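Examining the three-dimensional arrangement
One letter stands for each residue in the lines below.
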Amino acid sequence: MSTLELVKTSVVGVEAAAKVGISINGDSVIAADGELLVEAVLRHKEIPHICYHSPLMGPIQTCDTCMVEVDGQLVRSCGTKVTSGINVVTESKRAKDARAEAFDVILGNHMLYCTVCDNNNENCRVHNTALALNVEHQEHPFKPKPYEVDMSNPFYRYDPSQCILCGQCVQACQTVQVNETLSIGWELEHPRVLWDGGMQIGGSSCVSCGHCITVCPCNALMEKSMLGEAGFLSGMPKESLNKMIDVVKAIEPEMGYGAIMQVSQTESKMREERIKQTKTVCTYCAVGCSYDVWTKDRKILKIVPQHGDANQISTCVKGKFGWDFVNHEERLQKPLIRTENGFREASWEEALSLITEKLGKIKKEHGPDSIGIVVSSKTTNEDGYLMQKFARAVIGTNNIDNCSRYCQAPATTGLFRTVGYGGDAGSIEDIAKSKLVVIVGANTAEAHPVLATRIKRAHKLFGQRLIVADPRENEMARRANIHFRPRPGTDLVWLCAMSRYMFDHGHAKLDFIARWVNNEADFRKSLEPFTMEYAARICKVPVETLELIAQEMAAADTMCILWAMGVTQHIRASDTSTAISNLLLATGNYMRPGCGAYPLRGHNNVQGAGDIGAAPNIYPGYQSVNDPEMHAKFEQAWGVPLSPNIGMNNHAMMEGAYDGTFRALYLAGEDMISADSNVAWIAGAFEKLDLFVVQDIFFSETCRYADVVLPAAPALEKDGTFTNTERRIQRLYKALPELGDSRADWKITQEIANRMGAGWNFQHPSDIMDELASVSPIHAGVRYDRLEGYNTLQWPVAADGTDQPILYLNGFPFPDNKAKFHPVSFTEPEEQPDEDFDLFLNNGRQLEHFHEGNMTYRVGGIREETPERYLEISQDLATERGIETGRWVRVISRHGSLVIKVLVTARVEGKQVYLPLFSQEGPVNILTGSHADDATHTPAYKETAVKLKILPKQGDNPLRPLNFRYSGKPTPQTGVEVERKWKRADYRMPGTPKLVQIQPAK
Ligand code: SF4
Ligand code: SF4
Ligand code: SF4
Ligand code: FES
């Protein structure tokens, strides 16, 4: 069986496989038929296995340290599958000698200088194996490889001379991250790991996701932030360090490794005192990667992902390396109060007194509904819960909202209309196992990078089909089986045409619909206009392509549809989200694993911000504000009278500021000036407020308009929980103390509330979660002890702690347990290119920056790789206008203009231009208008027409040579291709007397 086949079978089907009996060292053992033998052996007896990482990575078979005898034959246990009745011996002399010999070969590639090595933290597999095998001397002398250490990436370095050629980095890059940068040059005289077949790291296609460093079993790949920091002696000058290494090597022949290792063991133990490892959850996107953060005092040494339910070993560049902002000199550390001459620092006492006095006065003079609160989707569930409770129970208003108004509210509306819960139907695991993934208007590889890796992997290794609808050729589009480019703002039409096709061609799941879905007749009637021909005409996609897509959908046993801001930032956003869910219902793609609707949430806790009731129409747990029963329930729970009226959303608050009905805003962790559309209009509204309080970690653009700025603490300085896009609730633990006088958001809100008479006494975020669980049925069984460490729960969580990784398995949360089709209709996008504004402006996130870059611009390495933004234009447009990459242009919309350099690229076509959101020079929303989705008021950011004015100045390419987009050329392989190593003339399988080409046992 080939290595690739072994990788496939190591992760697929083993859980469900039949149990068989085998013998290990004479003991009868039960194992799964077909699982990798190394897994069965390791459950029974520890043996070395340096290159074997996990079923996720599969067998790599490069190190030969896992040799055992099977029915008398010497085999690699990682490259062998369990079959019934096999007789396995791990402790025969032959097997032990083979393992020792294999390890000796490894030591020829790696110098054991552990005491002065930054990786000497009890997790180095080479060190641990040397100890386990009681290695005293080595037969193959260490030979450095004739290559320089590569320091060209801002975040990590590769030391070829320490590289044991295990290939785990390659396997991770090729089959888990699927960036396909790494390979091993097995045919080189001195094999080594290669980036893009032989480039230096900086400027290769490497996206700095860190998978390779995470899985490297030794110090060959290391985070630069660890170098000279982790060890007691490793920080000494290089010359002295080299001298020490020479001393160690000199005494090794006489003393043996045993004594030397004892010293390094002691040094490693001493590190435990000063290096703290704290479990946290990523603060960037809603994939919700969990990992340990290693800190030494306030220094962040590294991020170690391993056990996260959402991500396992995976991260992207932001989660792995994007942490400089936490200790950045620009962090707010004191409250600020506006004066006539700008801001001055103030004490908490003064700032809080000012706020509470003014809020009290405004409430008295203008009523509670003249005040509003905006909760951050970056803060914890507990922070958000207290803020919405403050609005409702202390101020007395439902004027409460969060930034899902800018992105996710339409998706939630579409799901509420059809299936009843505003969350992903299943887990990331379901997306990975689906037969067909359809991505509509989402740049998944850049906006949800780790989730994208699961699709790329399933597509590359397991035959998953992938369809991408996007006006721009992003990475997923490039990989897709079908990529098509509907005219912007018309997705609803082709989606409805798909539903109609299913009914017309006998592919609709009529039995499923009859049993589980209401309103079929009305829905089918509503589909009448949506013929393929109509869709082709409106969407500007050939009928043949649409039919091909329909056939793919009809043929797929399971289908997941993923969507994001390419859908939700149009005027028909809620209806398009509804059309997606309608199509999934028509094709029976709910109520099973591997199916369903997946709105890809943006911020780390945007799902949670909705769940805890940071919206004007819902209490925590999506309970209606205007349902008298819910109203009474919350009045009783909180012991105060509550407003029965639905409150104002973000947009309505701003309108209220203009008409004088809205006077005060308390805004946490939200840079509305950058995030909201039509910036000038928002700024005007801020200026009209009597009181504007902003709580943030940096002095954002929005802070400029504030009366009081309060310094908040970022995730690493807090306890709490985040809820990711899969409804997964995960704990984060405080890794660092709050910097300066900054405070966790929940503490600030509680202090303000108590000064206004609330009498709250929450001592810890767990107290807040207990209260949330008592009022919100979807959180009923959520408790901190059930979320200890890496434990997670996916809501709804029953009181006994049972959660629901897959929704709707037993029906839909409507009174009759059935879902419902919700008919929708199409109207043309609001702003279309015309004679005056002849280009369509698209915008979105970029991998290395998060949104506008408030945090990521404060990360040195990211800034180095991607310092300036640019406008992507097509080759056709560049030719038509006679311009090339680096040319400065003015982009002008009906609402504003900005000056920027162009980048000519094949990613965009024709008269569409693309502007990444990150910017230090001013937000993209200078250009966008106020038109919005009518159901949710989510701005139609992606319906903007612009024109270009070519400026005289020609500049450099805005991409830096260090950036992976500049000249990266990936080298796809299905894995590490160990077979090429086995073909080398100098390769001999340990335990064999002469050169052989071996095949793993079947
Ligand atoms: S993309 Fe770069 S950082 Fe990520 S696994 Fe590949 S080589 Fe390593
Ligand atoms: S750099 Fe790659 S091949 Fe070398 S030791 Fe690390 S994981 Fe193994
Ligand atoms: S930004 Fe998203 S994908 Fe990247 S590490 Fe954080 S949670 Fe994971
Ligand atoms: S662990 Fe089996 S060959 Fe490396």
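Report follows, based on the coordinates. (Residues numbered from 1 in each chain as written. Chains lettered and ligands numbered in written order. Predicted model: local features only at pLDDT ≥ 70, side-chain atom pairs only at ≥ 80, totals over all residues. Heavy atoms only, no water.)

Attention now moves to the overall build of the chain. If you tally the helices and strands in the chain, you get 34 helices and 37 strands. Computed over C-alpha atoms, the radius of gyration of the chain comes to 29 Å, within 12% of the 30 Å expected from 2.2 N^0.38 for 1002 residues, which places it in the range of a compact globule. Seen through its C-alpha atoms, the chain measures out along the principal axes to roughly 90 × 70 × 65 Å. Per-residue burial for the chain yields a buried fraction of 65% across its 1002 residues. Long-range pairs, those at least 24 residues apart, make up 74% of the contacts in the chain with a sequence separation of at least 6. For the chain, the separation between the mean place of its 106 positive charges and that of its 123 negative charges on side chains is 2 Å. (Helix = DSSP H or I, 4+ residues; strand = E, 2+ residues; numbered from the N terminus. Rg over C-alpha atoms; globule rule 2.2 N^0.38 Å. Buried < 20%, exposed > 50% of the residue type's maximum accessible area, 1.4 Å probe, protein only. Contact = heavy atoms within 4.5 Å. Lys, Arg positive; Asp, Glu negative; His and termini not counted. Charge placed at Lys NZ, Arg CZ, Asp CG, Glu CD.)

Below, the discussion takes up the sheet that holds strand β5 (residues 87–89). Pairing within the open sheet is mixed, and its five strands lie in the order β2-β1-β5-β3-β4. Two strands bound the open sheet, and with one partner strand each, they are β2 (27–32) and β4 (73–76). Across this sheet, the average inter-strand angle for adjacent strands is 40°, counted without regard to direction. Set on the sheet, helix α2 (residues 37–44) makes contact with β1 (19–24), β2, β3 (67–70) and β5; between it and β2 the angle comes to about 135°. Across the sheet, helix α3 (residues 93–107) lies against β3, β4 and β5, angled at about 155° from β3, the strand it touches most. (Pairing = 2+ DSSP bridges. Axes fitted to C-alpha atoms, helices over the stretch in contact; angles between N-to-C directions.)

We now examine the packing of aromatic side chains. For the structure on display, the rule yields 32 aromatic pairs. Ring centres of tyrosine 284 and phenylalanine 850 lie 5.8 Å apart, and the angle between their planes is 50°; on these two criteria the pair is classed as tilted. In this pair, tyrosine 284 sits in the loop between β10 (276–281) and β11 (290–296) while phenylalanine 850 sits in the loop between β32 (839–844) and α31 (860–865), placing the two residues 566 residues apart along the sequence. Judged on exposure class, the residue tyrosine 284 and its partner phenylalanine 850 are both buried. Ring centres 5.6 Å apart and planes at 65° place the aromatic pair tyrosine 421 and tryptophan 795 in the edge-to-face group. Placement of the pair is tyrosine 421 in the loop between α12 (409–418) and α13 (428–433) and tryptophan 795 in the loop between β30 (793–794) and β31 (819–820), with a sequence separation of 374 residues. The pair formed by tyrosine 421 and tryptophan 795 is uniform in burial state, with each residue classed as buried. Cluster of aromatic residues (ring-pair linked, three or more members): Phe416, Tyr421, Trp516, Tyr590, Tyr622, Trp795, Tyr808 and Phe812. (Phe/Tyr/Trp six-rings, centres within 6.5 Å; stacked < 30°, edge-to-face > 60°.)

Right, let's get into the nonpolar core. Formed by 223 residues in total, the largest nonpolar core has its most connected members in Phe390, Trp494, Met553, Leu562, Tyr590 and Phe812. No other element matches helix α17 (residues 491–504), which puts 10 residues into this core. With 24 residues, the next largest nonpolar core counts Met672, Val679, Ile682 and Val694 among its residues. (Core = buried A, V, L, I, M, F, W, Y, C linked by side-chain atoms within 4.5 Å.)

What follows concerns the site of ligand 1. Taken together, Tyr156, Cys173, Asn179, Leu182, Trp195, Cys206, Val207, Ser208, Cys209, Gly210, His211 and Cys212 make up the full set of residues near ligand 1. Here the shell around ligand 1 is composed, by residue class, of eight nonpolar, four polar and no charged. (Near = heavy atom within 4 Å. Nonpolar A, V, L, I, M, F, W, Y, C, P; charged D, E, K, R; others polar.)

As a structural note, the neighbourhood of ligand 3 is formed by Cys282, Tyr284, Cys285, Gly288, Cys289, Thr315, Cys316, Lys318, Gly319, Pro449 and Val450. Counting only elements with at least two residues in the shell around ligand 3, the list comes to α9 (317–321) and α15 (449–461). In the shell around ligand 3, the residues fall into seven nonpolar, three polar and one charged.

A pair of packed helices is characterised by two quantities: the angle between their axes and the separation of those axes. Their axes nearest at 10 Å, the elements α17 and helix α21 (residues 543–555) cross at an angle of 60°. Taken as axis vectors, α17 and α21 run oblique relative to one another. Between α17 and α21 lies a crossing of right-handed hand. Contact residues: Trp494, Met498, Tyr501 and Met502 in α17; Leu546, Glu547, Ile549, Ala550, Gln551, Met553 and Ala554 in α21. Residue classes in the contact of α17 with α21 are distributed as nine nonpolar, one polar and one charged. (Parallel < 35°, antiparallel > 145°, perpendicular 65-115°, else oblique. Left-handed = near helix turned anticlockwise from the far one by under 90°.)

The next thing to look at is the pattern of salt bridges. Oppositely charged side chains can form a pair if their charged atoms are brought close together. Following the criterion strictly, the structure yields 57 salt bridges and no others. For aspartate 838, the salt bridge goes to arginine 881, with nearest N and O atoms at 2.8 Å. Of this pair, aspartate 838 sits in the loop between β31 and β32 while arginine 881 sits in helix α32 (residues 875–881), and the two are 43 residues apart along the sequence. Look at arginine 881 and you get partly exposed, because its relative accessible area is 22%. Through salt bridges with shared partners, one network takes in Glu180, Lys456, Lys460, Glu475 and Arg479. (Salt bridge = Lys/Arg side-chain N within 4 Å of Asp/Glu carboxyl O.)

As a further point, take unusual backbone geometry. With an omega dihedral of 0°, the bond running from tryptophan 795 to proline 796 counts as a cis peptide bond. Note on placement: proline 796 falls in the loop between β30 and β31. Its identity as a non-glycine residue notwithstanding, glutamate 122 has a phi of 65°, on the positive side. You can see glutamate 122 is positioned in the loop between α3 and α4 (125–132).

This paragraph deals with helix α20 (residues 532–539). One turn of the α-helix equals 3.6 residues, which is why residues spaced by three or four share an orientation. Turning to α20, its buried residues number three or more, namely Met532, Ala535, Ala536, Ile538 and Cys539. Residues of α20 that are buried sit in contact with α17 and α21. Looking one or two places after α20, you find lysine 540, whose phi comes out positive at around 60°.

Position of aspartate 671 among the secondary structure elements: in the loop between β25 (664–668) and α27 (672–675). Buried within the structure, aspartate 671 lacks any salt-bridge partner; its nearest side chain of opposite charge belongs to arginine 858, at an N-O separation of 8.1 Å. Within polar-contact distance, the side chain of aspartate 671 engages the side chain of threonine 702 at 2.5 Å. At 3.3 Å, the side chain of aspartate 671 forms a polar contact with the side chain of asparagine 854. Every residue in contact with aspartate 671, bar those within four places of it in the chain, is listed here: Ser700, Glu701, Thr702, Glu852 and Asn854. (Polar contact = N/O pair within 3.5 Å; in protein donor to acceptor, adjacent residues only side chain to side chain.)

Looking now at the packing of α20 against α21. Remark: α20 packs on α21, axes separated minimally by 9 Å, with the N-to-C direction vectors making an angle of 120°. Here α20 is positioned oblique relative to α21, judged by the angle of their axes. For the element pair α20 and α21, the recorded crossing hand is right-handed. Packed against α20, whose contacting residues are Met532, Glu533, Ala535 and Ala536, the element α21 presents Val543, Leu546, Glu547 and Ala550 at the interface.

Glancing now at the sheet that holds strand β16 (residues 400–402). The sheet built from seven strands is open, its strands ordered β14-β13-β27-β26-β25-β15-β16 with mixed pairing. Taken across any chain shown, the strands that pair with only one partner, and hence form the sheet edges, are β14 (342–345) and β16. Going across the sheet, the axis of each strand differs from the next one's by a mean of 20°, ignoring polarity. Sheet topology places strand β13 (residues 336–339) next to β14; four bridges connect them, and they run antiparallel. Counted as the bridge partner of arginine 338 is phenylalanine 343 from β14. Contacting β13, β14, β15 (371–375), β25, β26 (691–696) and β27 (708–711), helix α10 (residues 348–366) runs over the sheet at an angle of about 130° to β27. Set on the sheet, helix α29 (residues 745–755) makes contact with β25, β26 and β27; between it and β25 the angle comes to about 155°.

This paragraph deals with the side chain of aspartate 491. Inspection of the secondary structure puts aspartate 491 in helix α17. Buried and unpaired, aspartate 491 has arginine 487 as its nearest opposite-charge partner, separated by 10 Å.

Here glutamine 636 shows up in helix α25 (residues 628–638). The class for glutamine 636 is exposed, based on a relative accessible area of 70%. Residues glutamine 636 and asparagine 179, 457 residues apart in the sequence, show an inter-C-alpha distance of 54 Å.

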